[in-house]
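# Structural characterization, general
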Amino acid sequence: MLVAGNWKMFKGPGETLAFCRALRAVPRPADVDVVVCPPYVSLAEAVQVLAGTEVGVFAQNCHWADDGAFTGEVSASMLLELGVYGTIVGHSERRQLFGETDEAVGRRARAALDAGLDVIACVGETEAERDAGETEAVLRRQVSALEHDDNLVIAYEPVWAIGTGRTATPEMAQEAHEIVKSVLDVPLLYGGSVKPENARELLAQPAVDGALVGGASLDLPSFEAICRAGSRS
Ligand code: PEP
């Protein structure tokens with residue numbers, strides 16, 4: 001079971017230090033892998049404070065080139081130099097607000113994996129796509145842009161559930177996860193308004209191997225509660 005907190009554009013270095021010091025001090029279930037994904041500017045603080053713990057520090061994106069004229073981008077080798085363990089790629093906010101294509105997401109994932117980072121690649125349909133009955137086709141297309149790798153995890157995040165307070169029902173999550181797993185059999189996280197109140201039921205679905213948590217990961221007690229909900233012990 002993996003619970004990853006995507007902090008998006010929240011928590012600068014100062015807040016990150018305070019959060020990670022507090023996270024370090026709390027007991028975590030042994031059967032739940034915990035990851036935090038701070039913004040680039042806060043990665044060094046997170047790595048420093050969480051060194052020697054089992055908590056992984058991931059970036060929120062990673063470019064496919066090793067270096068070059070790519071203003072605003074960061075490469076896998078730069079992240080590795082900092083002590084970062086992995087990266088998210090293809091978050092729906094990147095796809096929707098910054099025009100990332102399936103092809104770009106595939107390239108980002110491949111390069112990060114080849115460089116030695118773990119990858120959480122996000123997929124998910126919009127509300128219009130779900131209403132049009134296109135969920136399966138969208139998921140198949142997005143997942144087909146990725147290649148199997150032992151260090152790849154996919155997060156199914158229905159776009160209509162992200163930051164909206166609406167969650168997929170456990171049955172919807174299970175159904176989508178079965179589609180994703182039929183294309184690429186890798187561990188799968190559910191993401192989209194996961195909260196302490198709904199985490200246990202979502203994480204109990206057989207095809208759900210963890211959660212990618214946005215808003216609720218910014219508050220330590222709620223993040224801890226979701227981590228505990230992922231424990232099978
Ligand atoms: C996310 O950002 O990946 C996410 C799932 O956000 P939220 O939990 O806030 O819906």
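Presented here is an overview of the structure given in this document. None of the values given here were measured: they were computed from a predicted structure.

Quick look at the site of the ligand now. In the region of the ligand, 14 residues are neighbours, and Lys 8, Glu 157, Gly 163, Ser 193 and Gly 215 sit closest. At a separation of 3.1 Å, an oxygen atom of the ligand approaches a polar side-chain atom of Asn 6. A distance of 2.8 Å separates an oxygen atom of the ligand from a polar atom in the backbone of Gly 214. About the coverage of the ligand: the protein hides 97% of its 290 Å² of free accessible area. Taken together, the residues that form the shell around the ligand break down as 4 nonpolar, 8 polar and 2 charged.

Most of helix α2 (residues 43-50) is tucked away, with 6 of its 8 residues classed as buried. All of the buried residues in α2 are Leu 43, Glu 45, Ala 46, Val 47, Val 49 and Leu 50. Summarising the contacts, the buried residues of α2 are in contact with α1 (13-25), β2 (33-37), β3 (56-59) and α3 (76-82). Note on α2: the residue one or two positions beyond its end, Gly 52, has a positive phi of about 85°.

If you walk around this closed barrel you meet the 8 strands as β1-β2-β3-β4-β5-β6-β7-β8, and the pairing is parallel. Averaged over neighbouring strand pairs, the angle between their axes works out to 25° when direction is ignored. Looking at chain direction, strand β5 (residues 118-123) and strand β6 (residues 152-156) are connected through 5 bridges and run parallel. Bridged to Ile 120 within β6 is Val 153. Set on the sheet, helix α5 (residues 102-115) makes contact with β4 (86-89), β5 and β6; between it and β4 the angle comes to about 175°. Running at roughly 140° to strand β7 (residues 188-191), helix α8 (residues 170-183) makes contact with β5, β6 and β7 of the sheet.

Of note in this structure, Lys 8 is not a glycine but carries a positive phi near 55°. Residue position: Lys 8 is located in the loop between β1 (2-6) and α1. Classification of Lys 8 as buried rests on a relative accessible area of 18%. One non-glycine residue, Ser 193, lies in the positive phi region at around 55°. Looking at the element boundaries, Ser 193 is found in the loop between β7 and α9 (196-203). Take Ser 193: its relative accessible area is 9%, and that puts it in the buried class.

On to the environment of Gly 5. Within the element layout of this structure, Gly 5 appears in strand β1. Residues Gly 5 and Val 36, 31 residues apart in the sequence, show an inter-C-alpha distance of 4.8 Å. Not counting the four nearest positions on each side in its chain, Gly 5 is found in contact with Val 35, Val 36, Cys 37, Val 213, Ser 217 and Phe 223.

Rules used in this analysis
Residues numbered from 1 in each chain as written. Predicted model: local features only at pLDDT ≥ 70, side-chain atom pairs only at ≥ 80, totals over all residues. Heavy atoms only, no water. Near = heavy atom within 4 Å. Polar contact = N/O pair within 3.5 Å; in protein donor to acceptor, adjacent residues only side chain to side chain. Areas by Shrake-Rupley, 256 points an atom, 1.4 Å probe, with all protein chains shown as cover. Nonpolar A, V, L, I, M, F, W, Y, C, P; charged D, E, K, R; others polar. Buried < 20%, exposed > 50% of the residue type's maximum accessible area, 1.4 Å probe, protein only. Helix = DSSP H or I, 4+ residues; strand = E, 2+ residues; numbered from the N terminus. Contact = heavy atoms within 4.5 Å. Pairing = 2+ DSSP bridges. Axes fitted to C-alpha atoms, helices over the stretch in contact; angles between N-to-C directions.

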